[in-house]
Amino acid sequence: MTLFPVLKVAIAVLLLAIGMSSSLDDLSYLWRRPWLLVKSITAMYVLVPALAVLMVTTLDLPRGTGAALVVLAVCAGAPLLPRRLMNAELDSDFVFSLVVTTSFLAIVTVPISLRWLDRYLSFEAVGEPSAIARLIVVSFVAPLAVGMVVRAVAPELADRVGDRLLRIAGIVVLGCTLILLIRGRGLLLELGWVSFGAFVVFVVSSLAVGHLLGGPTAIGRTSLALASGSRHAGLALLIAANARSTRPLTLLAGYLVASTLVSIAYLTWRRRRDTRGT
């Protein structure tokens, strides 16, 4: 089980790097645009979770797949990419503001959502809401806040180190995901196309929600679509890792594969559409 501490440290470093690339202006970007904030919150915290609940309650999904969907549903987030990689496709100010905003909101929204799911959907939560909140603060929000302090005190250091840490931590998280896929290949094969298809439908529907609400600009649609479709896999992995079981981690790794493939297809479609429009 040595993978669990490595995964937790990598996620903490990832959030530290995000904080080092963020400032108070990034945090307030969405709050200075209330209509964009309302649309983002509606897409990520209302409509996408509603889609997951609808799928779990109406489709005959394996229990593990349904549990993975509802955990992902409550882990609203945004793509964790270096800012310089967002310039061509995404509104980097919007995405970074969304990352910071959703990270702090997670302290309240995730424990409450998990308790609600446990009560009304008979979903077996991975811990008490207070324990989940403490886990998010210590392993998720604290590194982000420390990174923002570093940014405020030593901006040159933050610029020099932030993207490097983000790349390294991202590689480690990706490596952990690949290991989980290899270790859990038997489980994924056993679940088969039903579970993978459920993940694909969930991601496609989430992208569609963000795309429809992200207008009127093309970059706005793409940014909110990817934010809605990606969810916060790092937070979901952190919660699953706390369960000390490879089963939820393996399912989340399978979701990451589906999410990556669908997101690449969506970005390819957007690029071709933009190219025809120019």
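Residues numbered from 1 in each chain as written. Predicted model: local features only at pLDDT ≥ 70, side-chain atom pairs only at ≥ 80, totals over all residues. Heavy atoms only, no water.

**A word on helix α3 (residues 34–58)**
Compared with the 36 Å implied by 1.5 Å per residue over 25 residues, the 34 Å span of α3 between its first and last C-alpha is a close match. Bending of α3 peaks at approximately 35° at the position of Ala43. Taken together, the buried positions of α3 are occupied by Leu37, Lys39, Ser40, Ala43, Met44, Tyr45, Val48, Pro49, Ala52 and Met55. (Helix = DSSP H or I, 4+ residues; strand = E, 2+ residues; numbered from the N terminus. Expected span 1.5 Å × (residues − 1). Bend = angle between axes of the 7 residues up to and from the residue. Buried < 20%, exposed > 50% of the residue type's maximum accessible area, 1.4 Å probe, protein only.)

**Things to note about the pattern of salt bridges**
Applying the stated criterion across every chain, the model contains 1 salt bridge. For Asp159, the salt bridge goes to Arg151, with nearest N and O atoms at 2.3 Å. A relative accessible area of 24% means that Arg151 is categorised as partly exposed. (Salt bridge = Lys/Arg side-chain N within 4 Å of Asp/Glu carboxyl O.)

**Considerations on the nonpolar core**
If you look at the biggest cluster of nonpolar residues, it comprises 39 residues, and the most contacted ones within it are Met44, Phe94 and Ile136. Listed by contribution, the elements that provide at least two residues to this core are α1 (3–20), α3, α4 (63–74), α5 (92–120), α6 (129–153), α7 (155–183) and α9 (218–230). With 23 residues, the next largest nonpolar core counts Leu69, Ala73, Val203 and Tyr255 among its residues. (Core = buried A, V, L, I, M, F, W, Y, C linked by side-chain atoms within 4.5 Å.)

**Considering a nonpolar patch on the surface**
Residues Val6, Ile168 and Val172 make up a contiguous nonpolar surface patch of about 230 Å² in total accessible area. Tracing the backbone shows Val6 in helix α1. (Patch = residues over 30% accessible without salt bridge, like charges linked within 9 Å, V, L, I, M, F, W, Y side chains within 5 Å. Areas by Shrake-Rupley, 256 points an atom, 1.4 Å probe, with all protein chains shown as cover.)

**Let's talk about the environment of Arg231**
Topologically, Arg231 is positioned in the loop between α9 and α10 (233–242). Arg231 gets classed as buried once you look at its relative accessible area, which sits at 2%. The sequence separation of Arg231 and Met44 amounts to 187 residues, and the corresponding C-alpha distance is 8.0 Å.

**Here we look at the packing of α3 against α9**
The relative placement of two packed helices is expressed as an angle between their axes plus a distance between the axes. Between α3 and α9, whose axes approach to 10 Å, the crossing angle comes to 30°. With respect to each other, α3 and α9 are oriented roughly parallel. Our pair here, α3 against α9, has a crossing hand that is right-handed. Where α3 approaches α9, its residues Lys39, Ser40, Ala43, Met44 and Val48 are matched on the opposing element by Leu224, Ala227 and Ser228. For the contact of α3 with α9, a count of residues per class yields 5 nonpolar, 2 polar and 1 charged. (Axes fitted to C-alpha atoms, helices over the stretch in contact; angles between N-to-C directions. Parallel < 35°, antiparallel > 145°, perpendicular 65-115°, else oblique. Left-handed = near helix turned anticlockwise from the far one by under 90°. Contact = heavy atoms within 4.5 Å. Nonpolar A, V, L, I, M, F, W, Y, C, P; charged D, E, K, R; others polar.)

**Quick notes on the environment of Leu267**
By the element assignment, Leu267 lies in helix α11 (residues 246–277). For Leu267, a relative accessible area of 17% gives the class buried. Distance from Leu267 to Thr222, taken between C-alpha atoms, is 7.8 Å for residues 45 residues apart in sequence.

**Considerations on the confidence of the model for the protein chain**
The pLDDT averaged across the protein chain works out to 75; a share of 74% of its residues lies at or above 70. Per-residue pLDDT, averaged within each element of the protein chain, yields its smallest value for α10 (60) and its largest for α3 (87). pLDDT under 50 marks residues 82–88. Its contacts with residues more than four places away, or in other chains, come to 17 contacts. (pLDDT = per-residue confidence, 0-100.)

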